[in-house]
Amino acid sequence: MGIWKRAYLYIKRKKTRSIKLFLIFFLTGILLLTGLSVRRGAAEEAGKIRSSLAAGLTLICKPMDPYKMFDISTNEKGETVFLHKLPLVTENRIEELLAVDGISGFFSDLESKKAYTEHTLVPGVDSQALDILEGRASEEYPGQRELLEEYQEYSRIGAHMVSVVGVYDSQWHPAFVNGAVELVKGQHVGLKDRKKAVISDQLAEKNGFVIGDHLKIQCIEEVDCAWYGSIYEAEIAGIFHMNFEQPVGEYTKEPQLLANVIFCTTDMSDWYTHEEQVYFEKEITALESEHHLETMVLFVEDPALLDSVKEQLLQIDSIDWEYYDTRVYDKDYQTAAAPLLMMIKFSDVLIAAVIFLAFLFLLKCLMVWTRSRKRETGILFLNGIKRKDMLLQFILECCCMAAAAFPAAAFLAGPLSGFLGNGLWTLLFSAANTRGYEVITDGFGSGIEVNMLPVKGDALSYVLTPEMLSGVFLVLVGMSAAAVLVSSKEIWKWKTTELLERR
């Protein structure tokens, strides 16, 4: 009797065992196909999002001792001069980097500052507090007025505080790049501009500003409720519009509102630093000091060019790249596609867990069943059946059940993929159907960034491709063969007489 016939008769005779094997392979197959289908649908949609968003390379200067980085001296005014003695990315090397093929722009995160302005702002909690104190609004709860009176001076200065962000090129600030805001009038401020700014249309409307007008700011000292130093005056070069509505919460102060953010040329940062140093009697940095960019994002025209751009950068010998860490910049993609990335991770975990647990369970079952067949195996050996043929029979029995279960798993995996995938998709995504944004500020209200919220687009597509089907089938067959080899390893060591004696 041949191997195939013996395997067929055994499967037919041991119906309970065969049904159990069928169920093991059926559940394994349907879960693997479902996980792969959900993963493919999520990855396909995530890929669309990635292609629509800006990507780039982030250059991060490694921490170093300032005395290693700079030649430090004093000028005739007694101010400290910092001149680079290492080949780092400085302001005068920016254009060299921008000349690399594939780079479309750059952004360097200069520290934002809180400043005082006499102009009218979009109201936050301090303006609302003044409205109550000055009778323009009623109290929201008993005793609120008395509580606000204790902080009246803070509210008066807070109602005129703005966030001022120094930018080398405002069009490449992340808020403009991800579409949270867009320029609607005038032009962006650029690398070579000085004393120019871009403001919101809300701020412009409240103060009657038009392109070419000037706004004024001063440094602020919040503890003493005072502004100090000289006045920084900037020409309004552009006006932006917010493409989303930022809610004003119970604790949202004026400088935390994106509508009150002023994008200024980088000379503003030098001015602010100088005024702080004078006011607080610190060491004064000379204007002729060289600035280096500790963190810099180089945006590329196409994510596919990232490797090429990186290779070209490393060929620029005027910069010592040993002092820098280079990373991929895909912040907008990571936030906008966060639920999809979670679905992909869930699918990966599901696939790995199903393979691991199914193999262990199958192995345990086969070890029990193989031990129960010792006497039968010994009799077959006595009748001249070779050990190799018996092993092939065991493998064939198991693989036949895997092959029988696979079509049923493939048939039901499609509907299950849609059910599971749509459930995850609904659970992880917000209910909004349009692109949204959130404004994140630090605890002091000066540092500000705008993150893109996840986008719930059209329903995902769950498809079982030929590659998935063939891959899962091979996994089931391979798992069958591996489990049989491991579970039957012990009995092949025993002699025929030992097998006949054991039950």
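Predicted model only: the values in this text are computed from it and were never measured.

K.L.:
Would you mind showing me how to read the sheet that holds strand 13 (residues 324–329) here?
P.N.:
Hydrogen bonding along the main chain pairs the strands of a sheet, whether they run parallel or antiparallel. The four strands are arranged 4-12-1-13 in an open sheet whose pairing can be described as antiparallel. Lying at the two open borders of the sheet, with one neighbouring strand each, are strand 4 (103–107) and strand 13. Taking each pair of neighbouring strands and ignoring which way they run, the sheet shows an average axis angle of 25°. When strand 4 meets strand 12 (residues 295–300), the two strands line up antiparallel, connected through four bridges. Across the sheet, Phe106 pairs through a bridge with Leu298, a residue of strand 12.

K.L.:
Can you walk me through the packing of aromatic side chains in this structure?
P.N.:
Each pair of aromatic rings is reported with the distance of its centres and the angle of its planes. Per the counting criterion, the structure on display carries 17 aromatic pairs. Taken together, a centroid distance of 6.1 Å and an interplanar angle of 80° make the contact between Tyr228 and Phe280 edge-to-face. Placement of the pair is Tyr228 in strand 10 (residues 226–242) and Phe280 in the loop between helix 10 (267–279) and strand 12, with a sequence separation of 52 residues. What makes Tyr228 buried here is its relative accessible area of 6%. Look at Phe280 and you get partly exposed, because its relative accessible area is 39%. Aromatic side chains Phe299 and Tyr329 sit 5.6 Å apart centroid to centroid with 90° between the ring planes, which places their arrangement in the edge-to-face category. Taken together, the positions of Phe299 in strand 12 and Tyr329 in strand 13 put the pair 30 residues apart, joining distant regions of the chain. By relative accessible area, which is 11% here, Tyr329 ends up buried.

K.L.:
Just checking my understanding: could you explain the environment of Tyr324 for this structure?
P.N.:
Of note, Tyr324 is situated in strand 13. Looking at Tyr324, the relative accessible area reads 5%, which means it is buried. In this structure the C-alpha to C-alpha distance between Tyr324 and Leu88, which are 236 residues apart in sequence, comes to 8.7 Å. With sequence-adjacent residues up to four places away left out, Tyr324 is seen in contact with Leu59, Ile60, Cys61, Lys62, Leu88, Val89, Leu293 and Ile319. Reaching out from Tyr324, the side chain makes a polar contact with the backbone nitrogen of Val89 at a distance of 2.7 Å.

K.L.:
Would you mind going over the nonpolar core with me for this structure?
P.N.:
Taken as a class, soluble globular proteins show a tendency for nonpolar side chains to be buried jointly. Ranked by internal contacts, the top residues of the largest apolar core, which has 39 residues, are Phe244, Leu258, Phe263, Leu340, Met343 and Val450. Ranked by residue count, the leading element in this core is helix 2 (residues 15–52), at four residues. If you look at the next biggest cluster of nonpolar residues, it comprises 31 residues, including Phe25, Leu350, Val354 and Ala483.

K.L.:
Please explain helix 11 (residues 306–314) as it appears in this structure.
P.N.:
The α-helix winds at 3.6 residues per turn, so residues separated by three or four positions along the chain end up facing the same way. Residues Leu306, Val309 and Leu313 constitute the buried set of helix 11. Each buried residue of helix 11 sits inside an arc of 65° when the element is viewed along its axis, so together they form one side. Of the residues in helix 11, the exposed ones pointing more than 90 degrees away from the buried face are Asp307 and Glu311.

K.L.:
Can you walk me through helix 10 in this structure?
P.N.:
For helix 10, built from 13 residues, the straight-helix expectation of 18 Å at 1.5 Å per residue is met to within 8% by its first-to-last C-alpha distance of 18 Å. Among all positions in helix 10, only Asp267, Met268, Ser269, Trp271, Tyr272, Glu275 and Gln277 are buried. Buried residues along helix 10 sit in contact with strand 5 (113–116), strand 6 (161–167), strand 9 (214–221), strand 10 and strand 11 (261–265). Positive phi shows up at Glu281, right after helix 10, with a value of about 55°.

K.L.:
Teacher, can you tell me more about a nonpolar patch on the surface here?
P.N.:
Together, Met342, Leu427 and Leu428 give the surface a local cluster of nonpolar side chains, amounting to about 300 Å² of exposed area. Within the element layout of this structure, Met342 appears in helix 13 (residues 338–372).

K.L.:
Is there a simple way to think about the pattern of salt bridges in this case?
P.N.:
Between side chains of opposite charge, a pair can form as their charged atoms come close. One pass over the full model with this rule turns up seven salt bridges. The partner of Lys192 in a salt bridge is Glu95, and the shortest N-O contact between them spans 3.5 Å. Taken together, the residues span a long stretch of sequence, with Lys192 in the loop between strand 7 (181–186) and strand 8 (196–200) and Glu95 in helix 4 (residues 94–98) at a distance of 97 residues. Looking at Lys192, the relative accessible area reads 67%, which means it is exposed. A salt bridge links Lys253 to Asp126, with the nearest nitrogen and oxygen atoms 3.4 Å apart. With Lys253 in the loop between strand 10 and strand 11 and Asp126 in helix 5 (residues 125–133), this pair connects stretches of sequence that are 127 residues apart. We classify Lys253 as partly exposed; its relative accessible area is 36%. Residue Asp126 is classed as buried on the basis of its relative accessible area of 7%.

K.L.:
How do you make sense of the side chain of Glu221 when you look at a structure like this?
P.N.:
The residue Glu221 is located in strand 9 in this model. Despite its burial, Glu221 remains without a salt bridge, the nearest opposite charge being carried by Lys282 at 9.9 Å. Apart from residues lying up to four places away in sequence, Glu221 is in contact with Ala226, Tyr228, Tyr279 and Phe280.

Rules and cut-offs
- Numbers given to residues run from 1 along each chain, matching the order in which its sequence is written.
- Confidence filtering applies because this is a predicted model: local features only for residues at pLDDT of at least 70, side-chain atom pairs given and counted only at 80 or more, and all residues used for totals across whole chains, interfaces and linings.
- Excluding hydrogens and water, the side-chain values take into account all heavy atoms of the structure.
- The pairing criterion for strands is at least two bridges between them, as found by DSSP.
- The way it works is that DSSP assigns letters per residue, a run of H or I at least four long becomes a helix, a run of E at least two long becomes a strand, and they are numbered from the N terminus.
- In this analysis, axes come from line fits to C-alpha atoms, helices being fitted only over the stretch in contact, and the angle between any two N-to-C directions falls in the range 0 to 180 degrees.
- Stacked, tilted and edge-to-face are the three classes assigned to paired rings of Phe, Tyr and Trp, where Trp is represented by its six-membered ring and a pair needs centres within 6.5 Å; plane angles under 30 degrees give stacked, over 60 edge-to-face, the rest tilted.
- In this scheme, a residue with accessible area under 20% of its type's maximum is buried, one over 50% is exposed, and one in between is partly exposed, where area comes from a 1.4 Å probe on protein chains only.
- Here, residues are in contact when the closest pair of their heavy atoms is within 4.5 Å.
- Side-chain atoms alone can form a polar contact between residues adjacent in sequence; in general such a contact is a pair of N or O atoms within 3.5 Å, and within protein one must be able to donate a hydrogen while the other accepts it.
- We define the nonpolar core as a collection of buried residues of types Ala, Val, Leu, Ile, Met, Phe, Trp, Tyr and Cys that are connected through side-chain atoms lying within 4.5 Å of one another.
- The directions from the helix axis to the C-beta atoms are what the arc is built from.
- Expected helix span is given by 1.5 Å per residue-to-residue step, counting one fewer step than there are residues.
- Surface patches are defined over residues having more than 30% relative accessible area and no salt bridge, joining like charges when they lie within 9 Å and nonpolar side chains (Val, Leu, Ile, Met, Phe, Trp, Tyr) when within 5 Å.
- Per-residue and other accessible areas were derived by the Shrake-Rupley procedure at a 1.4 Å probe size, with only the shown protein chains allowed to occlude residues.
- Salt bridge, as used here, is a side-chain nitrogen of Lys or Arg placed within 4 Å of a carboxyl oxygen of Asp or Glu.
- Just so you know, the count uses Lys and Arg for positive and Asp and Glu for negative, and it drops His and the chain ends.

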